[in-house]
Amino acid sequence: MKKLSLPWIIIPTTVALLLPLFLRDQYFLHISVLILIYTGVTVAWNIMSFGGVLSLGHAAFFGIGAYTVSILYVDYGVNPWLGILAAIIFAAVGSLVLAIPLLRLRGPFFTLATLAYVEVLRLLAIWAVPVTNGSVGITTPPTQGLAYISFESRQPYYYIALAFTLAAIAISIWIYRSKLGYHLRAVATDEDAVRALGVRTNRVKLGSLLISAGMTGAFGAFAALYFFVIEPDTQFSATLYSIQPALNGIIGGMGTIAGPIVGAIIMTPLGEWLRVTFSGASQGVNFMIYGAVLIIIVRLMPGGLVEGFRAIARKTRRGGKGRGGKRSADAKTTKEGE
Amino acid sequence: MSPTERGFNRRSFLRYSGAGLLALAAAPALASCASRGTDATTLRLGAMYPVSGTNALLGEESWRGVQIATDLRNAGGGVAGKQIEMVFADVPDVNTAASEARRLVFNKNIKLGFGTYSSSLALAATEVFARTGNAYVELGAVSEAVTTRGYDKVFRLNPTAADMTGLHMDFIQNYLAGALGKPVKDLRVMMLHEDSSYGQSIVSLAKAAADKIGLQHFEAEPYSAKSTDLSSTVLRMKSQEPDIVLAVSYAADAVLLGRQIRDNNVKLGAFVGTGGGHSLASFQKALGDAADGVFDVDFTQIHVNRDFTPGIEDFISEYHKRWNAEPASGHSLSNFTGAQMLFDILETTGGNDDPEVFAAAARKYHREAGTSAAGWGYELDAQNQNQQGSMYVMQWSGSKLETVYPPEAAVRAPKLITPFGL
Amino acid sequence: MDYLLQTMVAGLMLGGVYALVAVGLNLIFGVVKIINFAHGELVMAGMYLTWWLWSAWNMNPYVSLVIVTPVMFLAGIAIQKFILSPMQNSSPTMKIFVTLGLSVFLQNLALWMFGGQFRAVNFPWAEQNLSLLGINVTYGRLTAFIVALALVLALFYLMKRTLVGKVLNALVEDRETAGLIGIPVKKYYLAAMGIGISLAGIAGTLIIPFQAAYPLVGAHFTLLAFVVVVLGGLGNMAGSLLGGLILGIVETLAGTYVDPALQQVAVFVVFIIVLIVRPQGIFGGSARNAEVGLK
């Protein structure tokens, strides 16, 4: 019953592994690293959406991860690899603040609580100057080497990011197929019914929160080392690390395995391309287009691209008489199989 | 029902290959704009400014100055016979700054970058340029950290936060104390600062500067520039009854602060802004006559002693021609001046922007104060910080922000007026 | 004592602004069941429109309500008809993201049209001080406060006493049943969206005499307005007013007596605590909605 067709895992992985051999341009490798970071955060975010929960609080975990690794490294001389481990733990612990709202609130109320949490952490990071150096931010030292995750070339960054992202995807697939994932998807469909069957839904949801936050923390930590400069408005930016991952996931297809990956791979270069192309033209035009594209994609493909492509594929196969992509593909889609 | 199968079957492959194709299509689109960098006829420089996002206002104003400098220079034959081409990058946030710096260096083959207006953006951009062995010239950010990290090819032409706090204290000691009729040690001074990297880098130096002149009653209070109400800040100010308020504000918050000081009837001996919002023409427009008497410590503004700032007329008339308005603040002028100096240095290398060659030339170059459009001279210290750039004290009078201190740059003497129409 | 009183009054005035922004959001959130992340940007649109009427036509900002209100009403109807209504059966998440897209679009449309410059309306009357017992309030803020009160009363009346209001209330409670008993749900959604967004526009007009407009000004209001709506209870207009006032006072008191850098933190902490302790809001909205979440 469970087939995990290997070719579709092996081929993309091989392509990803070999990519730096063909792509020598450092800028493309940089964009690829960005895509990998966003893929990772989106995949992590998506674990909560298996359970039908929409979080806009992942910037909080991302920022906690970034600050953990850089404060430990710069102020206490802790090796960044250990720092990343610490970041995972701190982000997971930091996510516990959201545990109570997660268990008590449903739907948009939880989403709003997560957004408020990001804002609180951002303001605290600005305020706590002795710890975080406030808005001026922290710069990681230029010492290079594998031990410090700092290199001149992009290749090593690429492979480290790829390893992290593949691990995240593997964890996500594993969770999806595990009992936890099964319970999560059941919770997304009808929490009360699942609880009536004797599943401890609170534990299930809490588990997804902790895992998702820890993974996001790891990517936050990696990104901090990658970008060198850590500053509250960026690391705790709801736009960059709460909304964008959610957007990738939704555009790809929320609650599926492949959706977030597809979403991140498409949306990251799109944002870059718009900025590069239109930034010289007139203030704000690139983001205007971005906003409009967003409205159009969500409006025309409410189930995400994966669902949208599926509808198109179906249509072409059945000679244009398919069901179309109109059916909603929110959390409920997770219950349908093929 | 087997939900686990989703995502890994033949149909999904079709979908992913479709998505993959899209992504692949994006790659050449990004690739097609690669450039060869500087060549025999064209000098290609990387310009990084935030023209969207929170810093859009003054980032755009700064970038305008560079555009004017470039066009004027190109019309006059360019640098060492080469035309200048600006490769522009919009950098609304820190990660984008790091990202765009990479694009300029690797995709556009830029060897020499400059910008950046905001300190945290400057830190991010310079890290990339410095760590890839390229040169970066800062024209606007004031945080000390830009030049104190030990990078030998990071230069800064504009004066810094230390110059600002230094001038604050100088002005208090040499003018305000006397005008208010109190010895420095009895003056109560309060610094209100917005909490972005701008405000925080200034306030971090202010305490020490206050100690230096023997200012004993000095308080600093942060606030958020995004606030829509500064009542708390103003009420705290009222209860402390300061003689002098030093404010470090961005744009809309500067207006809000002024209006709420007036609304709450807080009579101050003197109010000294610190660049940013208090230099903006729209600050005066929003407050009207109530802005009269507000002092402002900042880069050179356009109402300055013209003997001290040769070339400023060209700048103003060119600005008028292009945007049909007065410069919104001195940011355009200082970036204009910085860009001109940058071109002059490149002139001495024969238009060679190789990082080593440029760095050597930049360290050798010299210019007296009072010979540039902003009145700045040029002489680098050991950390590649220009020592001859200076800040001035301006004062609002009607719709003009007139330079009043120090005397060599002033158009008139300072006047003590209770600010905000009180 | 004076000091405390002045702080409280300042907080009340600020709270009035929050309530003003929140009532429209509450109507949309409650009736149409959409988390409108573009609400702050629509307030911004009202501010820019008022500013434009003032600077180009020298129109008194309060008179410009005659234009701003219908224009924003139509904008609301257009948004509902062309963007939201076709997505009626999509998941709430999709609707959130379509409004986020709208918010990004409007912010940058403003940047593109007006630049990053802040645009202030200089209206001397609004800047005059009313001094009572040593407490100062400007007419501009007082007007915004009074209009907030009046609008809440009007909405309260609309919701409780009129047929339209009863239908809207039914929609707040349970859309499906309302549809089943033959209420033309779509029409009422249009109306609610139109009213909700014209309220955002009115808020913008009343705010601009004391708060300059710039492209990111709305972003700050959106989250705060949600805080107010949740505090006050979904569909509870009087609750929104009280919620707004409480937030304004919390923010000002925290800023004055604790640390100005932490005043917003205090607001969000209060928000998270209320969400946890009384998710239906301090003053209780529709308990059913709060319990079930929005579907």
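Residues numbered from 1 in each chain as written. Chains lettered and ligands numbered in written order. Predicted model: local features only at pLDDT ≥ 70, side-chain atom pairs only at ≥ 80, totals over all residues.

1. What to know about the overall build of chain C
Thought 1: When helices and strands are tallied, chain C shows 13 helices and two strands.
Thought 2: Here the C-alpha radius of gyration of chain C, 19 Å, is about what a compact globule of 295 residues would show, namely 19 Å.
Thought 3: The principal-axis extent of the C-alpha atoms belonging to chain C is close to 60 × 45 × 35 Å.
Thought 4: Residues classed as buried in chain C amount to 60% of the 295 residues present.
Thought 5: Counting contacts in chain C only where the partners sit at least 6 residues apart, residues at least 24 apart contribute 78% of the total. (Helix = DSSP H or I, 4+ residues; strand = E, 2+ residues; numbered from the N terminus. Rg over C-alpha atoms; globule rule 2.2 N^0.38 Å. Buried ≥ 20, exposed ≤ 12 C-beta atoms within 10 Å, placed from the backbone. Contact = placed C-beta atoms within 7 Å.)

2. So, the overall build of chain B
Thought 1: The number of helices and strands found in chain B is 12 helices and 12 strands.
Thought 2: Radius of gyration (C-alpha) of chain B: 24 Å, near the 22 Å computed for a compact globule of 422 residues.
Thought 3: For chain B, the spread of C-alpha atoms along the principal axes amounts to about 80 × 70 × 40 Å.
Thought 4: Looking at the 422 residues of chain B, the share that counts as buried comes to 63%.

3. Comments concerning the sheet that holds strand 9 (residues 270-274) of chain B
Residues and elements named next belong to chain B.
Thought 1: Sheet architecture is open: seven strands sit in the order 7-6-8-9-10-11-12, paired in mixed fashion. Looking at which strands have only one partner, the edges of the open sheet turn out to be strand 7 (217-223) and strand 12 (400-405). Along the sheet, successive strands turn relative to each other by an average axial angle of 25°, direction set aside. (Pairing = 2+ DSSP bridges. Axes fitted to C-alpha atoms, helices over the stretch in contact; angles between N-to-C directions.)

4. Section: the packing of helix 3 (residues 58-76) of chain A against helix 12 (residues 238-252) of chain A
All names here are of chain A.
Thought 1: Where helix 3 contacts helix 12, the two axes come as close as 7 Å, and the packing angle between them is 130°. The pairing of helix 3 with helix 12 is recorded here as oblique in orientation. Note on packing geometry: the crossing formed by helix 3 with helix 12 is right-handed. Only Ala 238, Leu 240, Tyr 241, Ser 242 and Pro 245 of helix 12 make contact with helix 3, whose side of the interface consists of His 58, Ala 59 and Phe 62. (Parallel < 35°, antiparallel > 145°, perpendicular 65-115°, else oblique. Left-handed = near helix turned anticlockwise from the far one by under 90°.)

5. Describing the domain arrangement of chain B
A common measure of how large an interface is: the accessible area buried when the components associate.
Residue and element names in this part refer to chain B.
Thought 1: Taken domain by domain, chain B comprises domain 1 (42-159 + 308-364) and domain 2 (162-298 + 392-405).
Thought 2: Taking only C-alpha atoms, the centre of domain 1 and the centre of domain 2 are 29 Å apart.
Thought 3: With 13 residues of domain 1 at the interface, the matching set in domain 2 holds 13 residues.
Thought 4: Of all elements in the fold, only helix 2 (56-75) and helix 4 (119-131) reach the threshold of two or more residues within the side of domain 1 that touches domain 2.
Thought 5: Looking at the side of domain 1 that touches domain 2 residue by residue, the class counts come to five nonpolar, six polar and two charged. (Domains from an automatic or database assignment. Nonpolar A, V, L, I, M, F, W, Y, C, P; charged D, E, K, R; others polar.)

6. Some thoughts on the pairing of strand 2 (residues 135-138) of chain C
Residues and elements named next belong to chain C.
Thought 1: Bridge count for strand 1 (residues 129-132) against strand 2 is four bridges, and the pairing is antiparallel. Looking at strand 2, one finds that Ser 131 is bridged to Asn 136.
Thought 2: The hairpin turn running from strand 1 into strand 2, its antiparallel successor, is two residues long, and Leu 133 in that turn takes a positive phi close to 50°.

7. Some thoughts on the interface of chain A and chain C
Thought 1: Opposite the 40 residues of chain A that make contact, chain C presents 40 residues.
Thought 2: Going through the elements one at a time, helix 5 (99-104), helix 6 (108-127), helix 12 and helix 14 (285-300) of chain A are the ones with two or more residues in the side of chain A that touches chain C.
Thought 3: Tallying contributions element by element places helix 6 of chain A first for the side of chain A that touches chain C, with 12 residues.
Thought 4: Partitioned by chemical class, the residues of the side of chain A that touches chain C number 29 nonpolar, six polar and five charged.

8. Quick look at the sheet that holds strand 1 (residues 42-49) of chain B
Residues and elements named next belong to chain B.
Thought 1: The sheet built from five strands is open, its strands ordered 2-1-3-4-5 with parallel pairing. Of all the strands in the sheet, just strand 2 (83-90) and strand 5 (154-156) have a single pairing partner and so form its edges. Put simply, the sheet's adjacent strands are angled 25° from each other on average, direction ignored.
Thought 2: In this structure, strand 3 (residues 112-115) lies alongside strand 4 (residues 135-138), joined through four bridges in parallel fashion. Residue pairing in the sheet places Leu 112 in a bridge with Ala 135 of strand 4.

9. Concerning the pairing of strand 7 of chain B
Thought 1: Bridge count for strand 6 (residues 188-194) of chain B against strand 7 of chain B is seven bridges, and the pairing is parallel. By the bridge assignment, Glu 194 of chain B is partnered in strand 7 of chain B with Tyr 223 of chain B.

10. Here we look at the nonpolar core
Thought 1: Core analysis: the largest hydrophobic core is formed by 361 residues, its most contacted members being Phe 222 of chain A, Ala 125 of chain B together with Val 21 of chain C.
Thought 2: Structurally, this core is a two-domain feature, drawing no fewer than three residues from each of domain 1 (42-159 + 308-364) and domain 2 (162-298 + 392-405) of chain B.
Thought 3: With sequence-adjacent residues up to four places away left out, Phe 222 of chain A is seen in contact with Ile 37, Ile 84, Ile 160, Ala 161 and Phe 164 of chain A. (Core = buried A, V, L, I, M, F, W, Y, C linked by C-beta atoms within 7 Å.)

11. Some details on helix 1 (residues 2-32) of chain C
All names here are of chain C.
Thought 1: Its 31 residues give helix 1 an end-to-end C-alpha distance of 44 Å, which sits within 8% of 45 Å, the value for a rise of 1.5 Å per residue.
Thought 2: By the largest-angle criterion, Ala 22 marks the main kink of helix 1, which is about 30°.
Thought 3: Counting buried positions along helix 1 gives 25 out of 31 residues, so the element sits mostly inside the fold. (Expected span 1.5 Å × (residues − 1). Bend = angle between axes of the 7 residues up to and from the residue.)

12. Topic: the environment of Val 154 of chain B
Residue and element names in this part refer to chain B.
Thought 1: Structurally, the position occupied by Val 154 is in strand 5.
Thought 2: Expressed as a C-alpha distance, the spacing of Val 154 and Val 137, which sit 17 residues apart in the sequence, is 5.9 Å.
Thought 3: Once residues lying within four places of it in the same chain are set aside, the contact partners of Val 154 are Thr 126, Ala 130, Tyr 136, Val 146, Thr 147 and Asn 384.

13. Points about the environment of Leu 157 of chain B
Residue and element names in this part refer to chain B.
Thought 1: On the secondary structure map, Leu 157 appears in the loop between strand 5 and helix 5 (161-180).
Thought 2: Look at Leu 157 and you get buried, because 29 C-beta atoms sit within 10 Å.
Thought 3: Considered as a pair, Leu 157 and Gly 140 are 17 residues apart in the sequence and their alpha carbons are 8.0 Å apart.
Thought 4: Among residues more than four places away in sequence, those in contact with Leu 157 are Val 137, Leu 139, Gly 338, Met 341, Asn 386 and Gly 389.

14. What about the confidence of the model for chain B?
Residue and element names in this part refer to chain B.
Thought 1: With 92% of its residues at a pLDDT of 70 or more, chain B has an overall mean of 87.
Thought 2: Mean pLDDT across the elements of chain B ranges from a minimum in helix 1 (residues 10-31), with 50, to a maximum in strand 4, with 96.
Thought 3: Here residues 1-15 scores under 50 on pLDDT; set against residues more than four positions off or in separate chains, the count is 36 contacts. (pLDDT = per-residue confidence, 0-100.)

15. Regarding the packing of helix 6 (residues 139-161) of chain C against helix 7 (residues 163-173) of chain C
Residue and element names in this part refer to chain C.
Thought 1: Relative to each other, helix 6 and helix 7 sit at 80°, their axes nearing to 5 Å. Viewed along their axes, helix 6 and helix 7 adopt a mutual orientation that is roughly perpendicular. For the pair helix 6 and helix 7, contact is made by Leu 158, Met 159, Lys 160 and Arg 161 and by Val 164, Gly 165, Leu 168 and Asn 169, respectively.
Thought 2: Partitioning the contact of helix 6 with helix 7 into residue classes produces four nonpolar, two polar and two charged.

16. Thoughts on helix 4 of chain B
Quick reminder: α-helices carry 3.6 residues per turn. Residues three or four places apart thus point the same way.
Residues and elements named next belong to chain B.
Thought 1: Helix length check: helix 4 (13 residues) gives 18 Å between terminal C-alpha atoms against 18 Å at 1.5 Å per residue, within 8%.
Thought 2: For helix 4, every residue scored as buried is listed here: Ser 119, Ser 120, Leu 121, Ala 122, Leu 123, Ala 124, Ala 125, Thr 126, Glu 127, Val 128, Phe 129 and Ala 130.
Thought 3: Looking one or two residues past helix 4, Gly 133 carries a phi angle of roughly 80°, positive in sign.

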